[in-house]
Amino acid sequence: DQIGDAAKKLGDASYDFAKEVDWNNGLFLQAPGSFQPLKALKAIDKMIEMGAAADPELLKKAADAHHKAIGSISGPNGVTSRADWDAVNAALGRVVASVPKQKVMDVYDAVKDITDPKVPAYMKSLVNGADAEKAYQGFLEFKDVVAANQVTTASAAATVPTGDKIGTAAKALSDASYPFIKDIDWLSDIYLKPLPGKTAPETLKAIDKMIVMGSKMDGNLLKAAAEAHHKAIGSIDAKGVTSPEDYEAVNAALGRIVASVPKQTVMDVYNSMAKIVDSSVTNNMFSKVNPLDALSAAKGFYTFKDVVEAVQ
Ligand code: CLA
Ligand code: PID
Ligand code: PID
Ligand code: PID
Ligand code: PID
Ligand code: PID
Ligand code: PID
């Protein structure tokens, strides 16, 4: 297709730049400017809306392309192979083309809003400037091909199951865990702190398992889960906490996407996360909330998971 061909040209123009970026740099965990959690949540919300509008099959292919690319990483900077670099660009170009232009610009504008204007120049100063310029010229040509292949109307909204066992169980889980949700400091910057003692390549292994799980999920249910999050963001209070109804809808949607993949795929995520999240991290989280609320939430979760497993 045209986007695939254009991605090869983009690769010619941008792979030198890709090799020069230090993908293992811990800097990329930081906010790209002053920390503004509610504004950042708005930017994430725009990404969620774009993800929900995208063609689920193309999203899966993009997830697969990332998984494959992680497998061909080499060298200290963590760069993937030239072929996989091109494949990721092509896959993302097709995802972008599957949503109306305005959805993409909304992400761009919201991200710009939380990005310090000095950040791009600083990023450029870490690589060969001429290679960054060459990559950007390549991107500008690529985007024209994407625009020429872009849809003008969004895909249909997801079909949300009703009256299913997971939906019923989500009500009980949400009742048991909403007090815990209200105890959590959602606007803290602690969630942007590095995991103690873990390197980027180690962390990427766990993310890879999530990518694999995402790619196996039922596309309609994943879209529904994204829509549920978008709705939930719309009802947050000043502390970032969503309404009980929207929280319940998120739990139901997440239970359904978990049930749409094999148990082992879920356990692979859990086991790889357990390897990088030290018990000091969980204990620290626990120490900041009412312990009774956390235990009630945990009990609710362990009951919920049996219902999920039964329909998995
Ligand atoms: Mg989420 C999970 C935040 C968007 C899909 N997500 C999580 C949690 C964290 C979070 C609260 C990971 C950390 C954790 O396990 O804490 N997501 C979060 C934010 C946003 C977002 C702030 C921004 C909008 N997510 C989002 C989108 C999608 C997902 C758009 C795609 C549709 N997210 C997704 C999945 C999962 C998460 C599939 C998880 O599996 C993971 C999670 O919650 O695992 C348990 C602990 C969790 C909480 C504080 C909230 C849930 C409370 C449960 C139901 C009960 C509590 C149990 C116990 C006390 C703690 C966990 C025990 C542990 C051993 C499992
Ligand atoms: C400017 C001035 C003009 C010239 C110009 C110009 C530049 C415009 C630009 C630009 C626009 C632009 C857009 C970019 C957009 C990037 C979008 C990224 C989206 C990320 C998402 C992430 C996610 C996920 C995911 C799916 C999940 C949801 C999420 C489901 C269902 C200024 C040059 C034209 C770069 C969507 C993918 C996992 C949130 O206009 O004169 O330069 O760049 O998890 O969804 O699971
Ligand atoms: C524009 C203007 C509108 C019209 C429009 C428009 C276009 C927007 C577009 C577009 C956005 C867009 C985005 C693309 C992004 C591509 C990103 C590629 C990333 C590849 C990576 C590969 C890798 C790895 C990996 C992880 C490793 C690092 C690597 C570590 C820690 C402008 C059309 C709407 C194409 C990251 C995955 C292995 C490097 O908006 O008018 O057209 O395209 O090895 O991580 O090692
Ligand atoms: C300039 C002037 C214009 C021309 C121009 C220009 C240059 C702009 C530039 C540039 C922008 C730019 C951006 C870059 C962005 C790189 C982003 C990389 C992200 C990597 C991540 C990696 C990671 C992980 C991971 C998970 C870990 C955290 C991490 C935990 C909990 C100035 C040329 C356009 C290079 C996210 C995945 C392992 C961080 O605009 O005229 O030149 O470069 O380890 O999670 O640990
Ligand atoms: C234990 C001991 C027994 C008792 C027990 C026990 C506990 C087991 C547990 C547990 C397992 C468990 C699993 C959990 C899994 C969470 C998985 C999260 C996945 C997140 C993903 C994120 C993503 C995306 C997304 C889609 C994108 C890709 C991504 C596409 C196509 C130990 C109690 C049984 C919590 C997948 C969603 C946006 C990466 O066994 O004695 O306690 O918890 O962006 O994909 O866009
Ligand atoms: C288990 C054991 C195996 C069998 C199995 C199994 C099950 C795994 C499961 C499962 C995992 C799982 C995960 C679920 C997670 C739910 C998470 C809910 C999060 C809700 C949020 C709501 C909100 C918001 C929001 C953003 C705001 C904050 C909030 C800010 C900054 C165990 C079956 C495989 C259900 C985060 C979105 C508005 C609070 O593995 O043997 O069954 O379920 O307002 O952000 O303000
Ligand atoms: C313990 C002992 C057992 C019993 C038990 C127990 C407790 C475990 C616990 C607990 C785990 C736990 C986890 C919590 C996790 C919360 C995660 C929240 C994530 C929020 C995010 C928010 C954000 C943003 C956002 C984007 C911004 C950055 C942020 C930028 C660029 C010990 C009870 C099981 C509470 C990610 C989205 C706005 C950070 O196990 O016997 O009690 O709690 O602002 O992006 O700015």
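Residues numbered from 1 in each chain as written. Chains lettered and ligands numbered in written order. Predicted model: local features only at pLDDT ≥ 70, side-chain atom pairs only at ≥ 80, totals over all residues. Heavy atoms only, no water.

### Some points on the pattern of salt bridges
Piece 1. With the rule as written, the count across this model stands at 18 salt bridges.
Piece 2. In this structure, Asp-16 engages Lys-19 in a salt bridge whose closest nitrogen and oxygen atoms are separated by 3.7 Å. One end of the pair is Asp-16 and the other is Lys-19, both in helix H1 (residues 2–20) and 3 residues apart, which spans about a single turn.
Piece 3. Overall, Asp-16 belongs to the partly exposed group, its relative accessible area being 29%. (Salt bridge = Lys/Arg side-chain N within 4 Å of Asp/Glu carboxyl O. Helix = DSSP H or I, 4+ residues; strand = E, 2+ residues; numbered from the N terminus. Buried < 20%, exposed > 50% of the residue type's maximum accessible area, 1.4 Å probe, protein only.)

### Observations concerning the side chain of Asn-251
Piece 1. If you trace the backbone, Asn-251 turns up in helix H11 (residues 244–259).
Piece 2. Note on Asn-251: relative accessible area 12%, which makes it buried.

### Let's talk about the environment of Thr-265
Piece 1. Along the chain, Thr-265 falls in helix H12 (residues 263–276).
Piece 2. Here the alpha-carbon distance between Thr-265 and Lys-209, two residues 56 residues apart in the chain, equals 7.7 Å.
Piece 3. Those residues in contact with Thr-265 that lie beyond four places of it in its chain are Met-213 and Lys-216.
Piece 4. Within the local environment of Thr-265, its side chain forms a polar contact with the side chain of Lys-216, the two groups lying 3.4 Å apart. (Contact = heavy atoms within 4.5 Å. Polar contact = N/O pair within 3.5 Å; in protein donor to acceptor, adjacent residues only side chain to side chain.)

### With respect to the confidence of the model for the protein chain
Any region with low pLDDT has predicted coordinates that should not be read closely.
Piece 1. On average, residues of the protein chain carry a pLDDT of 98, and 100% of them reach 70 or more.
Piece 2. For the protein chain, helix H13 (residues 279–287) is the element with the lowest average pLDDT, namely 97, and helix H4 (residues 82–97) is the one with the highest, namely 99.
Piece 3. Reported confidences for the modelled complex are a pTM of 0.99 and an ipTM of 0.98. (pLDDT = per-residue confidence, 0-100.)

### Thoughts on the site of ligand 2
Piece 1. As a structural note, the neighbourhood of ligand 2 is formed by 14 residues, with Met-47, Gly-51, Val-107, Tyr-108 and Leu-222 the closest of them.
Piece 2. Burial of ligand 2 by the protein chains amounts to 54% of its free accessible area of 1000 Å².
Piece 3. Looking at the shell around ligand 2, the elements with two or more residues in it are helix H2 (37–53), helix H5 (101–114), helix H7 (129–148) and helix H10 (219–233).
Piece 4. By residue class, the composition of the shell around ligand 2 is 12 nonpolar, 1 polar and 1 charged. (Near = heavy atom within 4 Å. Areas by Shrake-Rupley, 256 points an atom, 1.4 Å probe, with all protein chains shown as cover. Nonpolar A, V, L, I, M, F, W, Y, C, P; charged D, E, K, R; others polar.)

### A short note on the packing of aromatic side chains
Piece 1. One pass over the structure, following the stated rule, counts 4 aromatic pairs.
Piece 2. Aromatic side chains Tyr-136 and Phe-139 sit 6.5 Å apart centroid to centroid with 20° between the ring planes, which places their arrangement in the stacked category. Placement of both Tyr-136 and Phe-139 in helix H7 is noted, with a separation of 3 residues, approximately one turn of the helix.
Piece 3. By relative accessible area, which is 47% here, Tyr-136 ends up partly exposed. (Phe/Tyr/Trp six-rings, centres within 6.5 Å; stacked < 30°, edge-to-face > 60°.)

### Considerations on a nonpolar patch on the surface
Piece 1. There is a patch of nonpolar side chains on the surface, built from Leu-29, Phe-35 and Leu-192 and spanning about 230 Å² of accessible area.
Piece 2. Judged by its relative accessible area of 34%, Leu-192 is partly exposed. (Patch = residues over 30% accessible without salt bridge, like charges linked within 9 Å, V, L, I, M, F, W, Y side chains within 5 Å.)

### A look at the packing of helix H8 (residues 165–183) against H11
Piece 1. Packing of H8 against H11 brings their axes to within 8 Å, and their N-to-C directions diverge by 125°. In terms of orientation, H8 and H11 fall into the oblique class. Every pair of crossing elements has a handedness; the one defined by H8 and H11 is right-handed. On the side of H8, the interface is formed by Ile-166, Gly-167, Ala-170, Lys-171, Leu-173, Ser-174, Ser-177, Tyr-178 and Ile-181, while H11 contributes Pro-244, Tyr-247, Glu-248, Asn-251, Ala-252, Gly-255, Arg-256 and Ala-259.
Piece 2. Of the residues contributing to the contact of H8 with H11, the split by class is 9 nonpolar, 5 polar and 3 charged. (Axes fitted to C-alpha atoms, helices over the stretch in contact; angles between N-to-C directions. Parallel < 35°, antiparallel > 145°, perpendicular 65-115°, else oblique. Left-handed = near helix turned anticlockwise from the far one by under 90°.)

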